Amino acid sequence: MTLFHRLDEHQPLSGRLAMAVEYDGTAYCGWQRLKHAASVQASLEASLSRVAAAPVKVLCSGRTDSGVHATRQVIHFDPPSPRSEKAWVYGVNANLPRDIAVRWVAPVPDDFHARFKALARRYRYVLLNQPSRPVMERANVTWCRDPLDAEAMHRAAQSLVGEHDFSSFRAAGCQSKTPWRHLHFIEVHRHGPLVVIDVQGNAFLHHMIRNIAGALVAVGRGEQGEDYIARLLALRDRTQGDVTAPACGLHFVDSLYDECWGLPSEPLGPNLLAFLGEWTGERPLPDCPMVEFRRGRPLAETVEEGGDA
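Predicted model only: the values in this text are computed from it and were never measured. (Residues numbered from 1 in each chain as written. Predicted model: local features only at pLDDT ≥ 70, side-chain atom pairs only at ≥ 80, totals over all residues. Heavy atoms only, no water.)

Colleague: Explain the state of the cysteines to me, please; I cannot follow it from the model alone.
Modeller: What makes a disulfide is a covalent bond joining the sulfur atoms belonging to two cysteines. Applying the stated criterion across every chain yields a total of zero disulfides. With no disulfide of its own, cysteine 29 lies 13 Å from the sulfur of cysteine 60, the closest cysteine sulfur. Just so you know, cysteine 288 is unpaired, no disulfide at all, and the nearest cysteine sulfur is the one on cysteine 260, 16 Å from it. (Disulfide = S-S within 2.5 Å.)

Colleague: Just checking my understanding: could you explain the packing of aromatic side chains for this structure?
Modeller: Geometry of an aromatic ring pair is reported as the spacing of the ring centres plus the angle between the planes. Scanning the entire structure with this criterion turns up seven aromatic pairs. With centroids separated by 5.4 Å and ring planes inclined at 85 degrees, the aromatic side chains of tyrosine 123 and phenylalanine 204 adopt a geometry described as edge-to-face. Placement of tyrosine 123 in strand β7 (residues 120–129) and of phenylalanine 204 in the loop between β11 (194–201) and α4 (208–220) is noted, with a sequence separation of 81 residues between them. Residues tyrosine 123 and phenylalanine 204 agree in their burial class; the two are buried. Considering the side-chain rings of tyrosine 123 and phenylalanine 252, the 4.8 Å spacing of their centres and the 15 degrees angle between planes classify their relative orientation as stacked. Taken together, the residues span a long stretch of sequence, with tyrosine 123 in strand β7 and phenylalanine 252 in strand β12 (residues 250–256) at a distance of 129 residues. (Phe/Tyr/Trp six-rings, centres within 6.5 Å; stacked < 30°, edge-to-face > 60°. Helix = DSSP H or I, 4+ residues; strand = E, 2+ residues; numbered from the N terminus. Buried < 20%, exposed > 50% of the residue type's maximum accessible area, 1.4 Å probe, protein only.)

Colleague: Explain the environment of aspartate 149 here, please?
Modeller: The topology assignment puts aspartate 149 in the loop between β8 (142–144) and α3 (150–157). C-alpha separation for the pair aspartate 149 and glycine 173, spaced 24 residues apart in sequence, amounts to 31 Å. A polar atom in the side chain of aspartate 149 sits 3.0 Å from the backbone nitrogen of alanine 152. (Polar contact = N/O pair within 3.5 Å; in protein donor to acceptor, adjacent residues only side chain to side chain.)

Colleague: Could you clarify how one ought to interpret unusual backbone geometry in this entry?
Modeller: Trans is the prevailing form of peptide bonds, just as negative phi is the prevailing case for residues other than glycine. With omega at -10 degrees, the peptide bond leading from glycine 269 into proline 270 counts as cis. Assignment of secondary structure puts proline 270 in the loop between β12 and α6 (289–294). Backbone geometry at histidine 207 places phi at a positive 65 degrees, although glycine is not the residue there. Summarising the element assignment, histidine 207 is placed in the loop between β11 and α4. Under the relative-accessibility criterion, histidine 207 is labelled buried at 18%.

Set out below in structure tokens:
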């Protein structure tokens with residue numbers, strides 16, 4: 001598998017297109033367009049519209065909150081005019097600010113939907129665990145100067161795996177109709193000074209991952225025992241939870257789709273974790289109703305999605 005391929009500049013792409021977008025969320029109110037603040041969606045749509053010479057609206061695989069980063073935000077749109085692969089990638093990037101970039105574009109069938117066809121979303125929360133404050137990594141990690149026991153954090157986190165009511169980890173203003181979510185896996189590992197919380201699920205509640213990270217840091221510091229996460233989960237009460245971890249350490253690194261859509265594969269981000277060597281889609285998905293439904297096997301009920309991580 002290679003990171004490089006020549007972008008076609010001759011064949012115009014028509015019909016629905018999927019696109020992967022990377023962004024540093026520091027300067028933005030989040031993914032979703034808002035009237036009162038800068039958003040990633042607004043910047044991307046403005047650039048796409050300029051290349052297309054007509055208005056373009058996009059739909060994303062999952063919203064991210066203010067200050068949260070993404071290395072594989074998948075979107076789809078119906079272009080009002082055909083452009084080549086090279087024109088979409090290079091042209092859009094030429095008109096985007098330096099903290100947003102398009103990674104690839106690919107034609108997809110008209111029934112592809114970036115949100116409703118996604119099988120899972122994956123995030124990584126990155127902590128820099130050292131006595132001195134970060135300089136080079138300051139915009140994309142959360143600094144923790146107290147020693148963290150990553151192994152204890154990992155053991156404590158395992159109580160979250162599976163389908164649960166995550167009320168203890170949802171923001172007060174979360175608009176989701178249900179607090180139930182299915183966590184496929186959550187892992188905590190140390191790599192030198194980096195402590196990485198790696199989590200995948202069908203979808204996430206508003207601030208869910210940041211609230212989980214805040215509680216796990218309390219375990220890692222020794223302020224709480226390893227049963228703390230299980231106890232919080234059982235309480236189903238956000239007021240009993242811990243602090244919400246800062247947004248700067250959170251990265252949306254993957255949105256998974258069935259192989260039938262033919263979307264490009266690429267290494268998981270952020271790039272400071274490239275030494276882990278894992279490419280997207282390598283891990284098997286759980287045998288659960290939502291995954292089966294989105295693979296084309298109709299079921300009586302579907303799983304509701306929504307909210308920001």
